[in-house]
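Here is what each chain is made of, one letter per residue.
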Amino acid sequence: MARQALKPAGGESQMSIVRIALDVPIHTLFDYMVDEAVVPGQRVVVPLGRRQMIGVVMESVVSSDVPHGRIRKVLCVLNDSEPLSVGLLELLKFCSDYYHYPIGPTVISALPTRLRSDKPLVVRRDIHYRLIRDAADSLPRRKSVARRIVEMLAAHPCSLAQIKALSATAGAQLKWLEQEGWVEQCEMSGELPTPAVQFVNAHRLTMEQQQAVDAVTQSSNYGCFLLHGITGSGKTEVYVHLMNCMLQRGGQILLLVPEINLTPQLEGYFHSRFPDVPLVSLHSGLSENQRLDHWQQAQTGYAHIVLGTRLSVFAELPKLSLIIVDEEHDSSFKQQDGLRYSARDVAVFRASQRGIPIVLGSATPSLESYHNAQIGRYKLLKLSGRAKADARLPAVSCVNINQSVMTEGVSEKLMREIALRISRSEQSLLFINRRGYAPVLMCTECGWLSDCKNCAGRMVLHLADRKLRCHHCGLQLNMPTSCPSCGHAGLHPVGSGTQRVESLLQARFPDARILRVDKDSTRNKRSWQKMREKIHANEVDILVGTQMLAKGHDFPELTLVGVLGADSALYSADFRASEKLFAQLMQVAGRAGRADKAGSVLIQTAFPDHPLFRCLERHDFDEWATLLLDERRMAGFPPFVFQAMLRAEGKSESDVYTYLGKARAAAIELKCKVEVFGVVPASLARRANHVRAQLLIQAGSRKILQQFLRDWRIDEIPAPRLHCSLDIDPLEF
Ligand code: ADP
Ligand code: ZN
Ligand code: ZN
């Protein structure tokens, strides 16, 4: 997109004044002089104090509040990368306003790390390759990637980026082809050719799927669609058809997913459906160079499908024509530090700004989105059955733990069911709801518990390396052999974590192949991939895991899911805990019996009559959501009110409470139509020796809340030695 350079504004000096976003935590832009032509979105290097920094030009102005002689000069205008588009700058301004986060850090943090450096990128000449030999058949069969490269080059020369987009090993294969005399480098300039879209159409859509596709593709401008369908109802198939339609029109598609772990799997899947369409992923698991490369492929319009986690909502996409947010209810779309944005909400804004459709997909929509669909702000698209005719829903039932024989938290009934699966060579999954359910160490004599000395939480027992670890501050101690308080030798783990369940099962089923999947066992990038392969090859009998296992994986041999520790969410202080639990259980239940084998789900609970379990047994999300929404309406909770949370954290309790007290007084003084709650300790009241407290503000509409936040001016309240943050639409309490 060509943009006019900003004209030098002053007669006298041929200099113009530009306003620049810098990574400085102040709600302002910084004025500088520049004697070259610059456009908004261009990166520049400027002096600040005695440092030099990277900045992004936001606008040019004719005058400045800074006295003329004191405006400093831009040191260098960087031309190593295309400037950010006006649309992206607008989006970032919106985020800075809405989340009340300084504009500079908002803009800078949206850039790939390599573009945040004040050293210019080494500009690579865009090398192209062409085919100099023919006949792909004479390549060895096993060289499948090389064959694909040759097939691609047979049509026309391609850039290195295009070739690399084919596969992770394409770079190495290309080198091999060059050495063997198959291809050579050549010069090319101008636009990259738009690839032909070849679509592998695997299924005839069901009527509901077709209706969903039609509804979205028929809208020629902004529209937000909530695609509500249980796991296996064919949402992904709807996405694929929508993508095909937009690709045929030459558009780019942004698909947001909650987890990095899901991207490689989906990447492979979309490749198989659109073999010729360049696709890149954007997530924090990439190296800095890869991220820059992928970001630029999106920016040039070359990559037509961008698959990414929340940060990719800020990717530059000149031909963006559809956004899809998969698992839209997932709380990982919310960033929990810095700019505390919700990628889902920003995506909705981005779609409306651009005038394109957005699809939010989920088996268990967030109550916010569900409510928006009910009041007609979003359009509801429903898939009511499983897509495959022979796929049945799993049978969900509860085991009352007060009326069952239990061994270390696992009921006999569940043990028998697992044994049955082992005898049939089918897989079982034990899902442990980890919130408040990790094992801590306790003294049976004096009741001592493994409290963390820095935090208000307990240290968790890791049996494998015999350590106690605090999951909040990272403190690590060797596991004591006797009670630190009374000296008694009888220390016992209480509560149940994945490791403990794993050893219990190993003792009970010595021949079973057990696989534990949690943060500890999948720390290594490749290990999760390897584990999935093992599960698919049916080299695993029992899976033990946390949240990670619930999301978007298809294990055909899995026919039993056992759920432990569900109840902790029922009496959690967080009003969203039961909403999250239902979503999670619905998702794990969706893992059972996906193929043509019937699945069953056993939930261990002391409250088998709780509506949450009753609705789950009937697979009735709508009833559950209606119930929760009624509760929220009566209690005055979101989505019927809008919230902002001011948090403060510091070494001194009085600093923290004085600051929040002042902020509260200032809020009350404004006499706005907002509800100002009391200052209360955070749910983890102390972390790493820092006292934590919070203040909640609530309003009947976003508009009132935003007006209040602008008037509040909390930046002017002194906050010495404190770490403070304002969280709009907070998810955590
Ligand atoms: P979801 O994303 O809702 O969990 P998927 O799109 O992955 O569901 O579909 C679940 C399964 O059903 C997949 O194996 C998919 O190939 C299959 N499927 C989807 N749509 C159809 C259809 N119209 N006809 C037959 N099978 C389908
Ligand atoms: Zn003791
Ligand atoms: Zn701690």
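So, here's what we can say about the structure. This is a predicted model, so every value here is computed, not measured.

Moving on: the site of ligand 1. Looking at ligand 1, there are 16 residues lining it, with H203, R204, Q209, G232 and T236 nearest. G232 places a main-chain nitrogen or oxygen 2.7 Å from an oxygen atom of ligand 1. Between ligand 1 and E237 there is a distance of 3.1 Å, counted from an oxygen atom to a backbone nitrogen or oxygen. A total of 550 Å² of accessible area belongs to ligand 1 in isolation, and the protein chains cover 80% of it. Sorting elements by how many residues they give to the shell around ligand 1 places helix α7 (residues 235-248) first, with 3 residues. Of the residues that constitute the shell around ligand 1, the class distribution is 3 nonpolar, 8 polar and 5 charged.

Our focus in this paragraph is the coordination of the zinc ion (ligand 2). Binding of the zinc ion (ligand 2) to the protein goes through C443 (SG), C446 (SG), C483 (SG) and C486 (SG), at separations of 2.3 to 2.4 Å. Along the chain, the residues that donate to the zinc ion (ligand 2) are spaced as C-x2-C-x36-C-x2-C. One end of the pair, C446, is in the loop between β21 (440-443) and β22 (460-462); the other, C486, is in the loop between β24 (476-478) and β25 (491-494), and 40 residues separate them in sequence. Overall, the relative accessible area of 38% leaves C446 in the partly exposed class. Residue class for C486 comes out partly exposed when judged on its relative accessible area of 39%.

Next up on the list: the pattern of salt bridges. Per the stated rule, a full pass over the model turns up 33 salt bridges. E408 is the salt-bridge partner of R500, the closest N and O atoms lying 3.0 Å from each other. Here R500 is found in helix α13 (residues 498-508), whereas its partner E408 is found in the loop between β18 (406-407) and β19 (410-411), with 92 residues between them in sequence. Taking the relative accessible area as the measure of exposure, R500 reaches 17% and is therefore buried.

The rules behind each value
- Residues numbered from 1 in each chain as written.
- Chains lettered and ligands numbered in written order.
- Predicted model: local features only at pLDDT ≥ 70, side-chain atom pairs only at ≥ 80, totals over all residues.
- Heavy atoms only, no water.
- Near = heavy atom within 4 Å.
- Polar contact = N/O pair within 3.5 Å; in protein donor to acceptor, adjacent residues only side chain to side chain.
- Areas by Shrake-Rupley, 256 points an atom, 1.4 Å probe, with all protein chains shown as cover.
- Helix = DSSP H or I, 4+ residues; strand = E, 2+ residues; numbered from the N terminus.
- Nonpolar A, V, L, I, M, F, W, Y, C, P; charged D, E, K, R; others polar.
- Donors = N, O, S within 2.8 Å, 3.2 Å for Na, K, Ca; no water.
- Buried < 20%, exposed > 50% of the residue type's maximum accessible area, 1.4 Å probe, protein only.
- Salt bridge = Lys/Arg side-chain N within 4 Å of Asp/Glu carboxyl O.

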